[in-house]
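# A look at the structure
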Amino acid sequence: MVELLAPAGNLEKIKTAINYGADAVYSGLKRFGLRSRAKNLSFDEYIKALEFVREKNKKLYLTLNAYLFDKDFEELKKIVGFLNRFKPDGVIVSDLGVLSYIYNNSDIDIHISTQANITNSYAAKMLKRFRVKRVILARELSIDDIKDFKRNCSLELEAFVHGAMCMAYSGRCFMSAFMTKRSANRGDCAQSCRWRYTIVESKRPNEHFEVEEHPEGSFVFNSCDLCALPVLDELIKAGVSSLKIEGRMKSIYYVAVVVAVYRDALNTILSGGTIDSKLEFYLKELERVSHRPYCLGFYKNDVWQYTKSSGYIRNCRFVGVVEEIDGNVARVAVRDRLSVGEYEVFGKDLSIEKITVKGIFDRDGNEKKSGNPNEIVYIKLAKKLNVRGLLRVCHESNSRSL
């Protein structure tokens, strides 16, 4: 069984990921999860998430992969005590102190984070002594490296297949902490690598020289995003048992579309087929979520920087969630301004239905000029809609890089 593992920064994203085809999700609590600016889960929300995942016969992994100081361990002890009562399917850790504490004070399965930079089977076999069940591979491994790793190691291997990449070695970066006092290794990265940089000569401190990549400046540390879809079958053959999507701080639209694409591709491969005929469609959909130009990462030595801009490419506007359908009327939870006009509805089976919104009404039937973010509205359609999914407006892109 090969697992599709999805990011989930909150309860809504957990439900979205599972409903769109994820086998498992990973999320964090309010502390020590390396995404301090995400909403994350309170203890009560975590319990609700665990109940939902169990009901769907799926899995939930919890991130405790920050690097801690001694003063943090009193709080860690409370968290581990809580998790011993409401056990996730695994905890993801980086810090050897956290690993040691969980090993000695819990029987929860332990997964070693990519932040721990495990690049060889010898390290993995040592970690196995501490009840480590899975290694989340360092990003720097090629597919051939993974084959060697798996040949010499019985632990489960997890590998990232999609999402943002860090320019630092296995994400262990000090730029943010040095420049902004916000440590990436404690989940508070300011993404300093995405900023615009110039060159300063030491004897001319007041003279700033542009690196002339583009008129806007040069973004020399700005990594492209990973998309391993074209080599998904090779990763599976190499021995990867969990395919991980990055993006705990992304929208539910991102989670839904990316999970749906990888779910369909994985199902095709596991049933003995190939995705060659679908690849163009898959990549087009993956370009319709917030992203930077894609590359294959270290899997095929295809890592490169996106020097034109540090911003995301956004080819679609996510308008809302179609919650219910009754004839030619749909109830929509609005996320971005909704007005009459032409839209698409993206379904979890990768169906895309074009619709025309003829009118917008509130719950009492009063007509509105538009629907605004966080409102529930009812839209009158030109035809009956068979798909319940995500409402969006898209335009074509020239960002294709794979």
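We now turn to the structure provided with this report. Values in this document were obtained by computation on a predicted structure and should not be read as measured data. (Residues numbered from 1 in each chain as written. Predicted model: local features only at pLDDT ≥ 70, side-chain atom pairs only at ≥ 80, totals over all residues. Heavy atoms only, no water.)

### Comments concerning the packing of aromatic side chains
Rules: Aromatic pairing here means that ring centres of Phe, Tyr or Trp (its six-membered ring) are within 6.5 Å. Orientation follows from the plane angle: under 30 degrees is stacked, over 60 is edge-to-face, and everything else is tilted. By the criteria applied, helices consist of DSSP H or I runs no shorter than four residues and strands consist of E runs no shorter than two, each listed in order from the N terminus. Note on classification: 1.4 Å probe, protein chains only; a residue is buried when its accessible area is under 20% of the maximum for its type, exposed when over 50%, partly exposed between these limits.
What the rule picks out here adds up to six aromatic pairs. On the numbers, 5.3 Å between centres and 65 degrees between planes, the contact of Tyr103 with Phe130 is edge-to-face. Of this pair, Tyr103 sits in helix H4 (residues 96-105) while Phe130 sits in the loop between helix H5 (121-128) and strand E6 (132-136), and the two are 27 residues apart along the sequence. Its relative accessible area of 30% is what places Phe130 among the partly exposed residues. A ring pair is formed by Tyr253 and Phe318, whose centres lie 5.3 Å apart and whose planes are at 20 degrees; its orientation type is stacked. Here Tyr253 is found in helix H9 (residues 252-270), whereas its partner Phe318 is found in strand E13 (residues 316-326), with 65 residues between them in sequence. Phe318 matches Tyr253 in its accessibility class, with the two residues each being buried. Following the ring pairs from residue to residue traces out a cluster consisting of Phe43, Tyr46, Phe82 and Phe86.

### Considering the layout of surface pockets
For the record, the criterion: Only protein atoms enter the 1 Å grid used here, on which a cavity is any set of points holding a 1.4 Å probe that cannot leave and a pocket is any open set flanked by protein within 12 Å on both sides along at least five of seven lines; residues with an atom within 4 Å of a point are listed as lining. Grid points are joined across faces, edges and corners, and a volume is the space filled by probe spheres set on the points. Residues are grouped as follows: Ala, Val, Leu, Ile, Met, Phe, Trp, Tyr, Cys and Pro are nonpolar; Asp, Glu, Lys and Arg are charged; every other residue, Gly included, is polar.
The computed volume of the second largest pocket comes to approximately 470 Å³. Residue lining of the second largest pocket: 17 residues in total, with Thr16, Asn19, Tyr20, Val321 and Val322 positioned closest to the centre. Its residues placed into classes, the lining of the second largest pocket shows six nonpolar, three polar and eight charged.

### Points about the pairing of strand E3 (residues 59-64)
Applicable threshold: Two strands pair under a simple rule: DSSP has to find at least two bridges between them. By definition, the crossover connecting two strands over a helix is right-handed if that path, from the first strand to the second, turns clockwise as seen with the strands pointing away from the viewer.
With five of its six residues buried, E3 lies for the most part within the structure. Bridge analysis of strand E2 (residues 24-28) against E3 gives five bridges, and the strand direction is parallel. When the sheet's bridge partners are listed, Ala24 is paired in E3 with Lys59. In terms of strand pairing, E3 meets strand E4 (residues 90-93) through four bridges, oriented parallel. Along E4, the bridge assignment pairs Leu64 with Val93. Considered for its hand, the β-α-β crossover made up of E3, helix H3 (residues 73-85) and E4 is right-handed.

### A short note on the state of the cysteines
How we decide: Throughout, disulfides are identified as pairs of cysteine sulfur atoms within 2.5 Å of each other.
Summed over all chains, the structure comprises one disulfide. Sulfur-sulfur distance for the disulfide between Cys316 and Cys394 comes to 1.9 Å. Between Cys316 and Cys394, the S-S torsion sits near 110 degrees, and that sign places the bridge as right-handed. Within this pair, whereas Cys316 is found in strand E13, its partner Cys394 is found in strand E19 (residues 390-394), the two being separated by 78 residues in sequence. Residue classification places Cys316 among the buried residues on the basis of a relative accessible area of 14%.

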